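Geometric and topological summary
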Amino acid sequence: MINIRQLEFHYQIGGFRLSIPEFSVERGERLAVIGPSGSGKTTLLNLIAGIIIPERGTIGVNNVKVGELNDAGRRDFRITHIGFVFQDFELLDYLSILDNILHPYRISGALTLNKKVHAHAAALAQEMGIGDKLTRRPNDLSQGEKQRAAICRALLPQPKLILADEATGNLDPDNKTLILDLLFRAVEDYNTTLLTVTHDHELLKRFDRVVDFKDFRL
Amino acid sequence: MLDSLYIAWKYISFNKLKTTTLVACIALISFLPMALQLLLDESERQLMSRAAVTPLVIGAKGSSLDLVMNTLYFGDEVPELISMASVERVENMDLAMPIPLYVRFGTRGNPIVGTTPDYFEFRGLIVAAGRQMALLGDCVLGAKVAEILDLKPGDSLVSSPENLFDLAGIYPLKMKVAGVLAKSHTTDDLAVFVDIKTAWVIQGLGHGHQDVTRLKDPTLIYKSSESNVAATAKLYHYTEITKDNIDTFHFHGNLGQYPITAVIAVPYDEKSGTILRGRYLSKQETRQIVKPREVIDGLLQDIFRIKNVLDAVISVVALATALAIILVFALSLRLRQREIQTIFKLGCSRLTIVRLLLSEIFITVLISGVFCGAMIFTVNQYANEIVRMLFIR
């Protein structure tokens, strides 16, 4: 699913450098990436998603070389192939939960919003246990419910890859377990791949594989 | 595009306070210059159209503006009074047709205009209902007065005292509505017309009372001789002119000395007008003759000078408001950096982000435009009244 070869990247400011000689993730795999703060975990997610471009090396996602796509191509690839889940949920407070879930469809021409998508969004929310909150605003929801809405937003375009950046970081223990359950179930139900950055060592045993990031940093 | 407008609308409707403030700023700053221009155009139209068709006005020396405003628009400011002899004087010159006007009294907020039937002919006023005033105590209503006061021929209307503290003054006169004029879309629609003699009755110069020669109650007689009977203050004065008492109404003294506020002089031709004006040029002359067009022109010049100053002030305020609005949008953009980063990460293009922000500006400006339009529409509906309120009353 993900194939990285001879990757090198550095930020102009701060002197941070990331070097990954070889790294791959299989389709359907549930992978956790750990490492100290500032070790480049989020940078790796941004590189895989094509938000930033490496100086050297290649990144292949679902057999597409992300670095070789132009700006528009990378954006379209990102919105159609990758589902993002953030630590702070990043829901828009002025939109209802349903509008938040449908948001990717409204901000990109690569996705088409129709009745089927609406129905799918409602069904997905039902599955995630927030079916009765669709007309509410994010501020009316608990932290766990907000993250479930964010997962719905990430899953709606049926992505091949889910990138979760500390998705359980702001949740209490019960909700951490619940959110991880939902993400794992999504991997099975939607035949997708999960790459999650986490600091939560208690959850690591549930993943198929754990990569310690300090190995990559120069 | 519809999706951008949808998201923008959601953002705008969520941030009500910010939107309301922006809409109020944009709407008001757009409304002010437009409303000002509209009112000035209306005042120019209203003031000039009437002034242009009123050739000459004769009145007491003093403020020519007060004289013209009172004569043409029945303004509240009453000029120095002149006498009916001024009418006779114009008649004797045989250069113009004189129309006396006595605009001093009012009834329920509307001016009472004492004049002669010549005035109606001169202004082209037509009686739409009822008849022309024919008897002492009759009045003819302007269309708008009849509408506002809900009066029709046969009804009655009472004149108002000159001021609230006029308790010992003349009793108000109950006038009979003889007719209602057709709408003229001029100040005449807002006036109550009476014969000049009725105006004098309102002032108390003409009155009707019990026949003193037939009084039986001794408390009503103050002094009596063979040729003269003087009554006491107890004598009953009529406050309404009816068929039964009209014969008792009379005027003391010389009618030529009775007051009027102005004479509209309609010259028979241009040359007569020029000669007539020349007759009032002497330094000893106690009357003035003015061309309303020139007086109104002067007033409009002053108004336009003030408008230019206001325009400059509004321009500066508009610039400051525009900068403040730009600042609001810039700050809002800064506050929304995280949101922008998130939607960019999700796959939104920079162009779409710009489109979203432009949609917000577009909707805000659109709502402001609707409010501004509604306010302009309202001002336009009441422009006539506002102009009267600002420049005449």
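The structure displayed is predicted, hence computed values, not measured ones.

1. Topic: the interface of chain B and chain A
Often the size quoted for an interface is simply the accessible area lost on bringing the parts together. Counting residues at the interface gives 16 residues for chain B and 17 residues for chain A. When contributions to the side of chain B that touches chain A are tallied by element, the ones reaching two or more residues are α1 (2-14) and α10 (337-346) of chain B. Here the element with the most residues in the side of chain B that touches chain A is α1 of chain B; it accounts for six residues. A breakdown of the residues in the side of chain B that touches chain A according to their chemical character gives seven nonpolar, five polar and four charged.

2. A short note on the confidence of the model for chain A
Averaged over chain A, the pLDDT score is 87; the fraction of residues at 70 or greater is 98%. For chain A, helix α6 (residues 173-189) of chain A is the element with the lowest average pLDDT, namely 85, and helix α3 (residues 97-107) of chain A is the one with the highest, namely 93.

3. Examining the packing of α3 of chain A against helix α4 (residues 115-127) of chain A
Residues and elements named next belong to chain A. For the pair α3 and α4, interaxial distance at closest approach is 10 Å and the crossing angle is 130°. When the interaxial angle is binned, α3 and α4 end up oblique. When you trace α3 past α4, the crossing you get is right-handed. Along the contact surface, α3 presents L98, I101, L102 and Y105, while α4 presents V117, A121 and A125. Along the lines of polarity and charge, the residues of the contact of α3 with α4 split into seven nonpolar, no polar and no charged.

4. A few points about the sheet that holds strand β3 (residues 30-34) of chain A
Residues and elements named next belong to chain A. Judged by pairing direction, the sheet is parallel, and its five strands sit side by side in the order β6-β7-β8-β3-β9 without closing on themselves. Among the strands making up the open sheet, the edge pair consists of β6 (82-86) and β9 (209-212). Taking each pair of neighbouring strands and ignoring which way they run, the sheet shows an average axis angle of 15°. Note that β6 and strand β7 (residues 161-165) share five bridges and pair parallel. Of the residues in β7, the one forming a bridge with F86 is D165.

5. A word on the domain arrangement of chain B
Split into domains, chain B comes out as domain 1 (2-46 + 299-392) and domain 2 (56-208 + 249-290). The straight-line distance from the C-alpha centre of domain 1 of chain B to that of domain 2 of chain B is 47 Å.

6. Thoughts on the nonpolar core
Counting 60 residues, the largest nonpolar core has C139, L141, V192 and V263 of chain B as its most contacted members. Counting residues per element, this core draws most heavily on strand β3 (residues 96-107) of chain B, which supplies six residues. Beyond its immediate stretch of four places on either side in the chain, V263 of chain B contacts I58, S86, V87, V90, P98, I99 and P100 of chain B. Counting 59 residues, the second largest nonpolar core, distinct from the first, contains V25, I82, F86 and L183 of chain A.

What counts and how
- Residues numbered from 1 in each chain as written.
- Chains lettered and ligands numbered in written order.
- Predicted model: local features only at pLDDT ≥ 70, side-chain atom pairs only at ≥ 80, totals over all residues.
- Contact = placed C-beta atoms within 7 Å.
- Helix = DSSP H or I, 4+ residues; strand = E, 2+ residues; numbered from the N terminus.
- Nonpolar A, V, L, I, M, F, W, Y, C, P; charged D, E, K, R; others polar.
- pLDDT = per-residue confidence, 0-100.
- Axes fitted to C-alpha atoms, helices over the stretch in contact; angles between N-to-C directions.
- Parallel < 35°, antiparallel > 145°, perpendicular 65-115°, else oblique.
- Left-handed = near helix turned anticlockwise from the far one by under 90°.
- Pairing = 2+ DSSP bridges.
- Domains from an automatic or database assignment.
- Core = buried A, V, L, I, M, F, W, Y, C linked by C-beta atoms within 7 Å.
- Buried ≥ 20, exposed ≤ 12 C-beta atoms within 10 Å, placed from the backbone.

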